[in-house]
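One letter stands for each residue in the lines below.
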Amino acid sequence: MFISFRYRIKTLLVGIIFLLGLALIGIQGVGIASPSRPIPSQSDGVSEGGKIFGQACIQCHTRPILQRKTEEGWRDTVYSMISRGAQVMPNEIDPLISYLSHQYGPDSSSQPAEAADGNIAVSEELGQKIISRVCTQCHAIEVVTESRKSEVEWQETINRMIMYGAVLTADEKSVVESYVTEHFGIQ
Amino acid sequence: MNKTIYRTLERYLSNRTSRRDFIQSLTAVGVTTLAAESLLASLNIELEADEGRGADGQVEMFEGTAGAALVEQLKAAGVKYIFHTNTTGIATMMDQVDQDKINVIMVTHEGQAVSAAEGYALASNTLGFFVGSKVGVGNSISNLYNAWKDHTPMIVSFGRQGLKSQGGQDGFEEWDDHLEPTRSFTAWNWSCVDAETMPKTLRRAMKFAFTPPGAPVTLDFPGDLLNKKINSPILKLNPKSARPLFRASSARIEKAAELLVEANSPIFIVGSEITRGGATKEIIALAEKLSVPVAQDRRSPLFSDFPTHHPLFLSEYSPPVRFPENIDLVINLGASASQEMPKGARLVHASSDADGIGKHRPTDLPILAHVSATIADLSDALDGILTKDRQQRIRSERLEKTSAYTRQLEQARQIALRGRFDQTPISWERVGYELEQALDKDAVLVPELGSQDYKLLHYLRQGEGQKHRIGRTAGSALGWGVGAALGVQLALPDRQVVAIQGDGGFMFGQSETLWSISRYDAPLLVIIMNNHSYNETRNRNLTRGGRQFETGQDMTSYLGAPDIDFAKMASAYDIQGAKVSDPNQLAPTLQRAIKTMRDGRPFVLDLEVARDGILSESDWYPRHSIAELRKKKS
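Basis of the calculations
Residues numbered from 1 in each chain as written. Chains lettered and ligands numbered in written order. Predicted model: local features only at pLDDT ≥ 70, side-chain atom pairs only at ≥ 80, totals over all residues. Helix = DSSP H or I, 4+ residues; strand = E, 2+ residues; numbered from the N terminus. Buried ≥ 20, exposed ≤ 12 C-beta atoms within 10 Å, placed from the backbone. Contact = placed C-beta atoms within 7 Å. Rg over C-alpha atoms; globule rule 2.2 N^0.38 Å. Pairing = 2+ DSSP bridges. Axes fitted to C-alpha atoms, helices over the stretch in contact; angles between N-to-C directions. Nonpolar A, V, L, I, M, F, W, Y, C, P; charged D, E, K, R; others polar. Core = buried A, V, L, I, M, F, W, Y, C linked by C-beta atoms within 7 Å. pLDDT = per-residue confidence, 0-100. Parallel < 35°, antiparallel > 145°, perpendicular 65-115°, else oblique. Left-handed = near helix turned anticlockwise from the far one by under 90°. Expected span 1.5 Å × (residues − 1).

1. Quick look at the overall build of chain A
- Regarding its fold elements, chain A presents eight helices and zero strands.
- Counting helices and strands in the order they occur from the N terminus, chain A gives α-α-α-α-α-α-α-α.
- Burial status across chain A gives 30% buried among its 187 residues.
- Residue pairs at least 24 apart in sequence account for 78% of intrachain contacts in chain A once pairs closer than 6 positions are excluded.

2. Some points on the overall build of chain B
- Helix and strand counts for chain B stand at 23 helices and 20 strands.
- Relative to the 2.2 N^0.38 estimate, which gives 26 Å for 634 residues, the radius of gyration of chain B is 27 Å and therefore close to what a compact globule would have.
- Dimensions of chain B, computed from C-alpha atoms along their principal axes, come out at roughly 90 × 85 × 50 Å.
- Here chain B, with 634 residues, has 50% of them falling under the buried criterion.
- By sequence separation, contacts in chain B at least 24 residues apart represent 76% of the contacts at least 6 residues apart.

3. Describing the sheet that holds strand β14 (residues 365-368) of chain B
Residues and elements named next belong to chain B.
- Spatially, β11-β10-β9-β12-β13-β14 is the arrangement adopted by the six strands of the open sheet, whose pairing is parallel. The open sheet has two edge strands, β11 (313-316) and β14, and neither has a second partner. Pairs of neighbouring strands in the sheet enclose a mean axial angle of 15°, with direction left out of account.
- In this sheet, β14 lies alongside strand β13 (residues 346-351) in parallel orientation, the contact comprising four bridges. Paired with Val348 across the two strands is Leu365, which belongs to β14.

4. Thoughts on the interface of chain A and chain B
- Counting residues at the interface gives 23 residues for chain A, matched by 26 residues for chain B.
- Among the secondary structure elements, those contributing two or more residues to the side of chain A that touches chain B are α2 (42-57) and α3 (71-84) of chain A.
- No other element matches the seven residues that α3 of chain A contributes to the side of chain A that touches chain B.
- Counted by class, the side of chain A that touches chain B contains eleven nonpolar, eight polar and four charged residues.

5. A look at the sheet that holds strand β19 (residues 576-580) of chain B
Residues and elements named next belong to chain B.
- Overall, parallel pairing links the six strands, which are arranged β16-β15-β17-β18-β20-β19 in an open sheet. Two strands lie at the open edges of the sheet, namely β16 (468-469) and β19, each paired on one side alone.
- Pairing geometry for strand β17 (residues 497-502) and strand β18 (residues 525-530), over five bridges, is parallel. Bridge assignment links Ile500 to a residue of β18, and that residue is Ile527.
- Of the strands in this sheet, β15 (444-448), β17 and β18 touch helix α17 (residues 481-491), which is tilted by about 175° from β17.

6. Focus on the nonpolar core
Residue and element names in this part refer to chain B.
- Counting 138 residues, the largest nonpolar core has Ala209 and Val446 as its most contacted members.
- Tallying contributions element by element places helix α6 (residues 110-124) first for this core, with eight residues.
- Not counting the four nearest positions on each side in its chain, Ala209 is found in contact with Leu127, Pro153, Met154, Ile155, Ala187, Gly214, Ala215, Pro216 and Val217.
- Formed by 41 residues, the second largest nonpolar core is a distinct cluster that contains Leu312, Phe313, Ala373 and Ile375.

7. With respect to the confidence of the model for chain A
All names here are of chain A.
- Mean pLDDT over chain A works out to 71, with 61% of the residues at or above the 70 mark.
- For chain A, per-element mean pLDDT is lowest for helix α1 (residues 5-28), which scores 53, and highest for α3, which scores 95.
- Here residues 21-42 is modelled with pLDDT under 50, and outside its nearest four sequence neighbours on either side it reaches 22 contacts, counting other chains as well.
- Note that pLDDT drops below 50 for residues 110-124; the model gives that stretch 19 contacts with residues more than four away or on any other chain.

8. Digging into the packing of α6 of chain B against helix α7 (residues 137-150) of chain B
All names here are of chain B.
- One way to put it is that α6 packs onto α7 with a least axis distance of 6 Å and a crossing angle of 25°. Relative to α7, α6 is oriented roughly parallel. Where α6 approaches α7, its residues Glu110, Gly111, Val114, Ser115 and Glu118 are matched on the opposing element by Asn139, Ser140, Ser142, Asn143, Leu144, Asn146, Ala147 and Asp150.

9. Concerning the confidence of the model for chain B
- Confidence in the prediction for chain B averages 91 pLDDT; 94% of positions are at 70 or higher.
- Within the model, the stretch residues 49-56 of chain B combines pLDDT values under 50 with 23 contacts to residues more than four positions away or in other chains.

10. Some thoughts on the environment of Pro212 of chain B
- Secondary-structure assignment places Pro212 of chain B in the loop between α8 (198-210) and β7 (216-222).
- In this structure the C-alpha to C-alpha distance between Pro212 of chain B and Ile614 of chain B, which are 402 residues apart in sequence, comes to 42 Å.

11. Details of the packing of helix α10 (residues 250-262) of chain B against helix α13 (residues 371-385) of chain B
Residue and element names in this part refer to chain B.
- Running from amino to carboxyl end, α10 crosses α13 at an angle of 60°, the nearest separation of the two axes being 9 Å. Regarding the angle of α10 to α13, the classification is oblique. Classified by chirality, the crossing of α13 by α10 is right-handed. Between α10, through Ile253, Glu254, Ala256, Ala257, Glu258, Leu260 and Val261, and α13, the contact on the second element is made entirely by Asp377, Leu378, Ala381, Leu382 and Ile385.
- Here the contact of α10 with α13 is composed, by residue class, of nine nonpolar, no polar and three charged.

12. With respect to α6 of chain B
Residues and elements named next belong to chain B.
- When the terminal C-alpha atoms of α6 are compared, their 21 Å separation across 15 residues agrees well with the 21 Å that a helix rising 1.5 Å per residue should span.
- The buried count for α6 comes to 14 of 15 residues, which makes it a mostly enclosed element.
- A positive phi of about 60° marks Asn125, the residue just after α6.

13. Observations regarding the pairing of β7 of chain B
Residue and element names in this part refer to chain B.
- Summarising burial for β7: seven of the seven residues are buried, a large majority.
- Residues Pro216, Thr218, Asp220 and Pro222 of β7 are buried on one face, and the alternating residues Val217, Leu219 and Phe221, pointing to the opposite face, are buried as well.
- Sheet topology places strand β5 (residues 154-160) next to β7; seven bridges connect them, and they run parallel. Each bridged residue has a counterpart across the sheet, and for Gly159 the counterpart in β7 is Phe221.

14. Structural notes on unusual backbone geometry
Residue and element names in this part refer to chain B.
- The omega torsion across Pro319 and Pro320 is -5°, close enough to zero to call that bond cis.
- Within the secondary structure, Pro320 is located in the loop between β11 and β12 (329-333).
- Following Ala561, the chain continues to Pro562 via a peptide bond in cis, the omega torsion being 5°.
- Positionally, Pro562 belongs in the loop between α21 (547-551) and α22 (566-571).
- Despite not being glycine, Glu173 has its phi angle at roughly 55°, a positive value.

This is the structure:
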């Protein structure tokens, strides 16, 4: 049977595009999460989920999270929040659930865990302790450690966080202001 | 002489005689020039309410009781319904109701009657009118406050004791400054003191009610004045036209257009003035012109002012927003500006509410004008600045980014829906989904729900050409929605109307409105989202922890014990109902309800839905038995 050259080229192009598409999907991951899809490992998911929490959840939640739930419980909660209007993207759902169930699972202590990324050179100074205790109640530590601001900007930020619900004594506030300005100031 | 004066007055108000001839006619029969000029001046005030000198043309002299004259003036202003509660003293008004051009709708509580009048006003975009008993002022206040927050033009009026019984006499159901409690929630209030001028007072009240941004007005009518015989002009008028449509200066509009063109990342925040001003199509066209993302002001929850499933619609404005990034311009169109603005963004605030602009935060460019005019003018100004090609380039780039984001938001919501689809108690998401499948495309939703509302509403397509939403009242005082839904159905008899209530809100004095709904064959659907809890209150009260949180003993929010069967309650009012706890029964029950509505009767649907949040699993409540306090057992 004669098959025209044009038809062969067309078929070849379609095939290439199809394979490229499959490759892209494989790289990015299908955006639709499902309960059966493996949750990313906790160490991968926690810091990413913490970032998502710091961006999507603090629009409405300005207090420390008091509840403790299983992964299933947090999944239902995240779904509920998305329905309400939380600006969470499909590929962020599982990392967010991973973060919440790690940080606020049934066995979590009332104090949040230390930052998951051990590569951050976080010393045992008082400022670091306060930040770990207070700031990570609402967002990941990276929101602090990856920011670079002037002294005035850090003061404004800390004042805003207090308005959002961060609990700091006057002394602690001074310590934190000094610490972040020194370690995460504009060079 | 009176007849000559009245005929001359009638000719003048009907634009059939000049000012000079008017004065000459009166002086010819012995009226002094000064008196004639004074009367002429007062007529010009009347004519302002008549859209200028006889513009709406017609004046008729009415001879009868003042009460009857009020009803004639209401009819001449296009008012078709008087919402009322039981009262004495207004018999002369009721004698004039012919049920042809004007009818009465009785509601059995002043609060619900006021919300019914407001629902009617919101749906018809005309005046809502209520009259009730002098002692009912207190009952009316909650929904008067709601109407004031909503900027709804309404007249809320009360009968009163005769003038001779007023003034420090501690009369029956009376107090001196009768309308004082309403003052905070009205544009104007007046206790009538003269029978002859009562129709004029009513017209003035209409003008106040419709003066931007709109508000209720309270009046009271002493019984002796209502019974008095008067001879009064009745002016045919359109109360909406008594409100001038004003535009911003071209300089301000051009400045706004320049800011929009220069902005890298602008957004629109829209509010209820869009829908009130009839600008729902125009805002879509404006947003699409440069693909500006649009968010709904959360403090303007009355309408869906932009189509909820449009690619440019970001959903409700909840700062800090994730998209778009680095917002540098916010154009607020007809909304409050009470929510936090993105850091560094300039704010253009366009509204007809002079008090609202600049109240919450500095405004870079205030535009005090009707928002419908502002949208039209801004669109023209953009056409003057940008070529079509340039508009197209900006539009395409922004549309691609924004629609990618809104598509993902929608995908996430679908994931959430699937994840909660088969839950029992029924998930709010499932209810939203089933309503979207079952209801007419242009059904009207009247929700009065707490902060779980969007868990349902996000699954219903609303906006221009789709479902219309009226509610929740911006006042948020509970006990509004069922009455409002009755008024909405009255204004829109050909549309499916669905009142969506929480069980807690329904129990704020709204069940008796089922009587009116049944009496008047209002074929609406009342859905009770029954989670046996004041869910929002519980979450807010316990969010900081505290003893109630630690002990699991919520003192105030659990509503079970007894568990009310709202479907059974409906049957007491001769209304069909159903109680549903299985999510798979929701669709067939909705079909049954819709058939009942199509047959011309209402339906009450009691849905067992989920609580959520802190202590949602608890059914603890502080037990207390009055019977057990008894010392006498027999």
